[in-house]
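Working through the structure, step by step
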Amino acid sequence: EPEVTQTPSHQVTQMGQEVILRCVPISNHLYFYWYRQILGQKVEFLVSFYNNEISEKSEIFDDQFSVERPDGSNFTLKIRSTKLEDSAMYFCASKWTGGGEQYFGPGTRLTVT
Amino acid sequence: SQQGEEDPQALSIQEGENATMNCSYKTSINNLQWYRQNSGRGLVHLILIRSNEREKHSGRLRVTLDTSKKSSSLLITASRAADTASYFCATDFRGSNYKLTFGKGTLLTVNP
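Residues numbered from 1 in each chain as written. Chains lettered and ligands numbered in written order. Predicted model: local features only at pLDDT ≥ 70, side-chain atom pairs only at ≥ 80, totals over all residues. Heavy atoms only, no water.

1. Some points on the state of the cysteines
All names here are of chain A. Filter applied, for reference: Cysteine sulfur pairs qualify as disulfides if the two atoms are within 2.5 Å. Helix and strand definitions follow DSSP, with helices as H or I runs of at least four residues and strands as E runs of at least two, each counted in order from the N terminus. Any residue under 20% of the maximum accessible area for its type is buried, any over 50% is exposed, and the rest in between are partly exposed; the area is computed with a 1.4 Å probe on protein chains only.
Throughout the structure, instances matching the rule amount to two disulfides over all chains. Between cysteine 23 and cysteine 92 runs a disulfide, and the two sulfur atoms are separated by 1.9 Å. As the torsion about the S-S bond is roughly -60°, the cysteine 23-cysteine 92 disulfide counts as left-handed. Placement of cysteine 23 in strand E3 (residues 19–24) and of cysteine 92 in strand E9 (residues 88–95) is noted, with a sequence separation of 69 residues between them. There is no split in this pair, since cysteine 23 and cysteine 92 are both buried.

Next up, the structure:
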């Protein structure tokens, strides 16, 4: 069964460093998302991506964040200069149609020290 | 803004019993989805119910949706220890690019 994959599973970085989190959505899906979950808190929307552009972003998704779909299969989230408060589990998700199920990857645990 | 809120926050039952979790939201929705999350792991999609549906079944899962009360329930029948996890409802609506808004979740513990 097709699934969303994410790498790495765990990333440790120092404050101020850049990180790139990678995702491979399900191949025929058209809508792509990034969410994050700070430990013990609810899952929060970061950004949605459709038709090769950002369709919506949350207040969390400031100028330090960017997304790319460089080659038609990968979907990346970049944080330019990480902060301690960026420590969280980051989930990638994709869906085929607007009204369908949204499938999540296993997540990347980002730890900023 | 819409928001899913589950109750109870925590539920502890014995294996074989049924578990019912509830979710409320604030605005009109397109779909409501339920997810399971084992501790520190990814989100597993369980079931989607559309705004024009009232009930849906999948194996031991039964989901209901009452749009007049803006609420949904997830029933897990004949629970197993392996059902121990956090359960989240998530809602979307057309004007939001179908982004999901999650509740805080219900932590279900099934004791063997």
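Picking up after the structure, the text goes on.
2. Looking at unusual backbone geometry
The peptide bond linking Thr7(A) to Pro8(A) adopts the cis configuration, its omega dihedral lying at -10°. Looking at where Pro8(A) falls in the secondary structure, it is placed in the loop between strand E1 (5–7) and strand E2 (10–13). For Asn52(A), which is not a glycine, the phi torsion comes out positive at approximately 65°. In this structure, Asn52(A) sits in the loop between strand E5 (43–50) and strand E6 (53–57). One non-glycine residue, Ala78(B), lies in the positive phi region at around 45°. For Ala78(B), the position within the fold is in the loop between strand E8 (71–76) and strand E9 (85–92). On the accessibility criterion, Ala78(B) (38% relative accessible area) is partly exposed.

3. Here's the deal with the sheet that holds strand E8 (residues 75–79) of chain A
Residue and element names in this part refer to chain A. Spelled out, the test is: Strand pairing is assigned whenever DSSP identifies at least 2 bridges connecting the two strands. To get an axis, fit a line to the C-alpha atoms, keeping to the stretch in contact for a helix; angles then go from 0 to 180 degrees between the N-to-C directions.
Read across the sheet, four strands follow the order E1-E3-E8-E7 without closing on themselves; strand pairing throughout is antiparallel. Two strands lie at the open edges of the sheet, namely E1 and strand E7 (65–68), each paired on one side alone. Averaged over all pairs of adjacent strands, the angle between strand axes in this sheet comes to 20°, irrespective of strand direction. Sheet topology places E3 next to E8; five bridges connect them, and they run antiparallel. For leucine 21, the partnering residue across the bridge sits in E8 and is leucine 77.

4. Thoughts on the sheet that holds strand E3 (residues 19–24) of chain B
Strand pairing within a sheet occurs via backbone hydrogen bonds; the two strands may be parallel or antiparallel. All names here are of chain B. One open sheet accounts for five strands, arranged E1-E3-E8-E7-E6; its pairing is antiparallel. Of all strands in the sheet, those bounded by a partner on one side alone are strand E1 (5–7) and strand E6 (55–58). Neighbouring strand axes in the sheet, compared pairwise and without regard to direction, differ in orientation by 20° on average. Where E3 meets E8, six bridges bridge the pair, whose relative direction is antiparallel. Bridge pairing links alanine 19 to isoleucine 76 in E8.

By themselves these figures say nothing about function.
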